[in-house]
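Coordinates in review
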Amino acid sequence: MEPGPSDAGVRAPAERRQVHFTSGATRCAAWHYPGTNGACVIMAGGFAVPKEPATDLFAKRFNDAGFSVLAFDYRGLGRSGGQPRLVLPVRNQLADWEAAIGFAATLPGVDATRLALWGFSASGGHVIRVAARNPRLAAVIAQTPNVGGPAATRRVTAHQKPLAMLRLTGRGIADAIGGLAGRPPLLVPLAGEPGSVAMLTTPDAGDGPAALDPDDQHPDWRRQAAARSALRLAFYHPGRDTPRVRCPLLVLTCDQDQTAPPGPAVRAARRAPHAELVSLPGRHYAPFMEMHDQAADAELSFLRRHLLAHP
């Protein structure tokens, strides 16, 4: 993000800079957008999506409003270290969030008591689980979150053919066994048509490239992941953790979302002590496309109320 001209009364965006922090024994890459109001929003992309296509759009909106932003890549993805690539265990990603929170608290001009998390899709589920374990957070935004559980799984798998599902499962098992033997991961596409072997075959899964990389500016985004990662996600249910999220939680859903169905996310949010719900029309990626202004405005309103309000 380059500094640009500003009109009177409008703050010019700061130039972001690349920073690094350590998670486990691995160096994670991040963008730091310096802010002016002392609060910081920590961000990461959806499943197997690097930070640039996943966060640039919202990070700029938050930073233009005065918030510091730390947008990072998980280990094994994007500019972060870690081998093998595109093998994305949930436990590692949760640990990466914790490391990012610790690092954000040390950034210049950041008040460690005013940290917020932002994640969408699979990371929208992650931020719920991380918040349930981390009482020092000031606020959390889960945008079109995948909260897991039987209802969400049934809705998603209804768009896949049984034989293709069996093939994906078989490839995932073979990949997991191969990983134990040190073989390279077996990669599968993030999205595909029903009947193809892909992570998702929902009608809106294929909107990802148009929503996140409409100008093909991110050729390094491979749009694949290790098949073993699909097996792990199938048993992941972060929505169960909402009763233990003590900070304000914003859950933003889209009415026609078939990748992260809104019903399970709404029910999970209603179990949280301090949850707010925003429902928008559109499919899974609508907050990056036709509903972006509405989504960003709702999220900025939430951040201002909970990170900038003084007793």
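Small disclaimer: the values here were computed from a predicted structure and weren't measured. (Residues numbered from 1 in each chain as written. Predicted model: local features only at pLDDT ≥ 70, side-chain atom pairs only at ≥ 80, totals over all residues. Heavy atoms only, no water.)

In this section: the overall build of the protein chain. The helix and strand tally for the protein chain stands at 9 helices and 10 strands. For a compact globule of 311 residues, the expected C-alpha radius of gyration is about 19 Å, and the protein chain comes in at 19 Å, within 12% of that figure. By principal-axis analysis of the C-alpha atoms, the protein chain measures approximately 60 × 35 × 35 Å. With 311 residues in all, the protein chain has 54% of them scored as buried. Residue pairs at least 24 apart in sequence account for 74% of intrachain contacts in the protein chain once pairs closer than 6 positions are excluded. Total accessible area on the protein chain stands at roughly 13200 Å², and carbon and sulfur atoms take up 54% of it. Of note, the protein chain has its 34 positive side-chain charges centred 10 Å away from the centre of its 26 negative side-chain charges. (Helix = DSSP H or I, 4+ residues; strand = E, 2+ residues; numbered from the N terminus. Rg over C-alpha atoms; globule rule 2.2 N^0.38 Å. Buried < 20%, exposed > 50% of the residue type's maximum accessible area, 1.4 Å probe, protein only. Contact = heavy atoms within 4.5 Å. Areas by Shrake-Rupley, 256 points an atom, 1.4 Å probe, with all protein chains shown as cover. Lys, Arg positive; Asp, Glu negative; His and termini not counted. Charge placed at Lys NZ, Arg CZ, Asp CG, Glu CD.)

A word on the sheet that holds strand E10 (residues 275–280). Taken together, the 8 strands give an open sheet; going across it, the order is E1-E2-E4-E3-E5-E6-E9-E10, and neighbouring strands pair in mixed fashion. Unpaired on one side and paired on the other, strand E1 (17–23) and E10 mark the two borders of the sheet. Each adjacent strand pair in this sheet contributes to an overall mean axis angle of 20°, direction not counted. Looking at chain direction, E1 and strand E2 (residues 26–33) are connected through 7 bridges and run antiparallel. If you follow valine 19 over to E2, its bridge partner there is alanine 30. Docked against the sheet, helix H2 (residues 90–104) engages E1, E2, strand E3 (40–44), strand E4 (68–72) and strand E5 (115–121), running at close to 120° with respect to E1. Along the sheet, helix H8 (residues 262–270) contacts strand E6 (139–145), strand E9 (249–254) and E10; its crossing angle with E9, the most-contacted strand, is approximately 160°. (Pairing = 2+ DSSP bridges. Axes fitted to C-alpha atoms, helices over the stretch in contact; angles between N-to-C directions.)

Applying the stated criterion to the full structure yields 11 aromatic pairs. Consider the rings of phenylalanine 21 and phenylalanine 72, whose centres lie 5.8 Å apart with planes at 75°: the pair is edge-to-face. Of this pair, phenylalanine 21 sits in strand E1 while phenylalanine 72 sits in strand E4, and the two are 51 residues apart along the sequence. Centroid distance phenylalanine 58 to tryptophan 118: 5.3 Å. Interplanar angle 35°. Geometry classified as tilted. Separated by 60 residues along the polypeptide, phenylalanine 58 in helix H1 (residues 51–64) and tryptophan 118 in strand E5 bring together distant segments of the chain. For phenylalanine 58, a relative accessible area of 0% corresponds to the buried category. An aromatic cluster is present here, built from Phe58, Phe62, Trp118, Phe120, Tyr285 and Phe288 joined pairwise through their rings. Between arginine 223 and the ring centre of tryptophan 221, over which it is positioned, the NZ or CZ distance is 4.7 Å. (Phe/Tyr/Trp six-rings, centres within 6.5 Å; stacked < 30°, edge-to-face > 60°. Lys NZ or Arg CZ within 6 Å of the ring centre and 35° of its normal.)

Pairing is possible between side chains that carry opposite charge, provided their charged atoms lie close to one another. Tallied over the full model, the rule gives 15 salt bridges. Of the charged contacts, one joins arginine 223 and aspartate 213 as a salt bridge, the two residues approaching to 3.3 Å between their closest N and O atoms. Linking arginine 223 in the loop between helix H6 (208–212) and strand E8 (224–226) with aspartate 213 in the loop between H6 and E8, this pair joins segments that are 10 residues apart in sequence. Taking the relative accessible area as the measure of exposure, arginine 223 reaches 28% and is therefore partly exposed. Among the salt bridges present, the one from aspartate 241 reaches arginine 244, with a minimum N-O distance of 3.0 Å. Among the charged side chains, a salt-bridge network with shared partners connects Lys51, Glu52 and Asp73. (Salt bridge = Lys/Arg side-chain N within 4 Å of Asp/Glu carboxyl O.)

Taken together, the side chains of Arg155, Arg267, Arg270 and Arg271 define a basic patch exposed on the protein surface. Within the fold, arginine 267 resides in helix H8. By relative accessible area, which is 45% here, arginine 267 ends up partly exposed. (Patch = residues over 30% accessible without salt bridge, like charges linked within 9 Å, V, L, I, M, F, W, Y side chains within 5 Å.)

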